[in-house]
Amino acid sequence: MDLRIFTEPQQGATYDTLLTVAKATEDLGFDAFFRSDHYLRMGSVDGLPGPTDAWITLAGLARETQRIRLGTLMTAGTFRLPGVLAIQVAQVDQMSGGRIELGLGAGWFEEEHKAYGIPFPKEKFARLEEQLAIVTGLWATETGKTFDFHGTYYDLTESPALPKPAQRKIPVLVGGHGPTRTPRLAARYADEFNMPFASVEDSERQFARVRAAAEEAGRSGDDLVYSNALVVCVGRDDQEVARRAAAIGREVDELKLNGLAGSPAEVVDKIGRYGEAGSARIYLQVLDLHDLDHLELISAQVQSQLN
């Protein structure tokens, strides 16, 4: 089971804070550092000092880390034109020496679009499908050849399809709870399917849908990696768990129900249940980015048991 650290910087984080967490992620043996792609805080937090851009952040981290994978859960398809996104991600992949992964979603948070003047189209899912076709198509086009795409929302003519990533193929993540269109989209374009903030039972059902869609598309269901994203709150005793829950404005019982919370043994047991449901990778949503002791505890007493 791979454990990855997943952050939500729109809730309040500087680049320097993210760099500190990314370096701890690497030093403590975690597989990857991922971040959300949002421009507006959610809930009652103040979000200070304000948002950071996902791909500018990852470009910086690409030069400051050596081993960990870096990526987004999920880049909003509404934020960037697909041709521009393909250039950005390929460049950051080069800067990292081939350690980038792209999670791409339709975008959903209308308020952040209003706040920063970003168009929020009605037909987001159909646009996402074209975006995935364009981004993956540009990267797959042989050097010296051109790429054309004529869709409903995007039109590319004789694109040189440059630059190329350092990796032969940047892993693409698709995720979500939708029972029909989402599995089909994952089956066509994704290397990994991510189920965000879902129960073991719901994850197992959705993984089965994605596997079936992959088979229908002519792929083996085993071609994809299946993963979950879950909030994490681990403590050596009940008092430490309660303290960490309070620090992120959550209740312990709710965290135990909807995330990975409790003692290291409790968390290892629940991760095991996700593994039995088909998950091979967990994105640990870390909400208190200043509590590096939390990461050290997870590394020493959760990750070590899973390995």
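Each remark here, short or long, concerns the structure printed above.
Okay, so let's go over this structure. Residues take numbers from 1 onward in each chain, read along the sequence in its written order. With pLDDT at 70 or above as the cut-off, local features in this predicted model cover only qualifying residues; side-chain atom pairs require 80 or more to be listed or tallied, and sums for whole chains, interfaces and linings still use all residues. The side-chain numbers reported here are obtained from all heavy atoms of the structure, hydrogens and water having been left aside.

### A look at helix α7 (residues 200-216)
Turning to step 1, where the next piece is worked out: With 17 residues, α7 ought to run about 24 Å at 1.5 Å a step, and its terminal C-alpha atoms sit 24 Å apart, in line with that.
Turning to step 2, where the next piece is worked out: Buried means the residue's accessible area, taken with a 1.4 Å probe over protein chains only, is under 20% of the maximum for its type, while exposed means over 50%, and partly exposed covers the values in between. Numbering goes from the N terminus for both helices and strands, where a helix is a DSSP run of H or I of at least four residues and a strand is a run of E of at least two. Listed as buried for α7 are Val200, Ser203, Gln206, Phe207, Val210, Ala213 and Ala214. The buried residues of α7 occupy an angular sector of 145 degrees when projected down its axis, which confines them to one face.
Turning to step 3, where the next piece is worked out: Of the surrounding elements, those touching the buried residues of α7 are α6 (181-189), β9 (192-196), β10 (225-234) and α10 (264-276).
Turning to step 4, where the next piece is worked out: Downstream of α7 by one or two residues, glycine 218 has phi in the positive range, about 90 degrees. Every helix has an expected span of 1.5 Å times one less than the residues it contains. An arc is given here, and it is the one of the directions from the helix axis to the C-beta atoms. Contacts were defined at the residue level, with two residues in contact if any of their heavy atoms lie within 4.5 Å.

### Describing the nonpolar core
Turning to step 1, where the next piece is worked out: Within the largest apolar cluster, 73 residues are counted, with the highest numbers of intra-cluster contacts made by Trp55, Leu102, Trp139 and Leu284.
Turning to step 2, where the next piece is worked out: Among buried residues, the Ala, Val, Leu, Ile, Met, Phe, Trp, Tyr and Cys ones that are joined through side-chain atoms within 4.5 Å form a nonpolar core. Among the nonpolar cores identified, the runner-up in size contains 7 residues, and Phe6, Ala32, Phe34 and Tyr283 belong to it.

### Structural notes on the packing of helix α2 (residues 54-64) against helix α3 (residues 82-96)
Packed helices, taken two at a time, are described by the angle their axes make and the gap between the axes.
Turning to step 1, where the next piece is worked out: Here α2 crosses α3 at 15 degrees, and the two axes come no closer than 8 Å. The orientation of α2 relative to α3 falls into the category roughly parallel. For α2 against α3, the interelement crossing comes out left-handed. Counting all contacts with α2, which are made through Trp55, Leu58, Ala59, Ala62 and Arg63, the residues of α3 involved are Leu85, Val89, Val92, Met95 and Ser96.
Turning to step 2, where the next piece is worked out: Throughout, the ten residues Ala, Val, Leu, Ile, Met, Phe, Trp, Tyr, Cys and Pro are labelled nonpolar, Asp, Glu, Lys and Arg are labelled charged, and all others, Gly among them, are labelled polar. In terms of residue class, the contact of α2 with α3 is made up of 8 nonpolar, 1 polar and 1 charged. Axis lines are fitted through C-alpha atoms, for helices just across the contact stretch, and the angle between N-to-C directions can take any value from 0 to 180 degrees. Roughly parallel covers angles under 35 degrees, roughly antiparallel covers those over 145, roughly perpendicular covers 65 to 115, and oblique covers all other angles. Left-handed describes a crossing whose near helix is turned anticlockwise from the far helix through less than a right angle; right-handed describes the clockwise counterpart.

### Here we look at the layout of surface pockets
Turning to step 1, where the next piece is worked out: Grid points spaced at 1 Å and placed over the protein atoms alone form the basis of the search, with a cavity being a set where a 1.4 Å probe fits but cannot get out and a pocket an open set showing protein on both sides within 12 Å along at least five of seven lines. Lining residues have an atom within 4 Å of a point. Grid points are joined across faces, edges and corners, and a volume is the space filled by probe spheres set on the points. A volume near 1200 Å³ is recorded for the largest pocket.
Turning to step 2, where the next piece is worked out: Looking at the largest pocket, it is lined by 46 residues, and the ones nearest its centre are Glu8, His38, Trp108, Phe197 and Gln285.
Turning to step 3, where the next piece is worked out: For the lining of the largest pocket, the class distribution of residues is 22 nonpolar, 18 polar and 6 charged.

### With respect to the pattern of salt bridges
Turning to step 1, where the next piece is worked out: Salt bridges are defined as contacts in which a side-chain nitrogen from Lys or Arg sits within 4 Å of a carboxyl oxygen from Asp or Glu. The tally for this structure, following the rule as stated, stands at 22 salt bridges.
Turning to step 2, where the next piece is worked out: Taking the shortest distance from any N to any O, the salt bridge between lysine 114 and glutamate 110 comes out at 4.0 Å. Residue lysine 114 and its partner glutamate 110 are both found in helix α4 (residues 110-116); the two are separated by 4 residues, about one turn of the helix.
Turning to step 3, where the next piece is worked out: When its relative accessible area of 63% is taken as the criterion, lysine 114 is described as exposed.
Turning to step 4, where the next piece is worked out: A residue is classified by how much of its surface remains accessible, and glutamate 110, at 35% relative accessible area, is partly exposed.
Turning to step 5, where the next piece is worked out: Here arginine 250 makes a salt bridge to glutamate 254, at a shortest N to O gap of 2.9 Å.
Turning to step 6, where the next piece is worked out: You can call arginine 250 partly exposed: its relative accessible area is 25%.
Turning to step 7, where the next piece is worked out: Accessibility expressed as a relative area gives 26% for glutamate 254, which makes it partly exposed.
Turning to step 8, where the next piece is worked out: Through salt bridges with shared partners, a single ionic network connects Arg236, Glu240, Arg243, Arg244 and Asp291.

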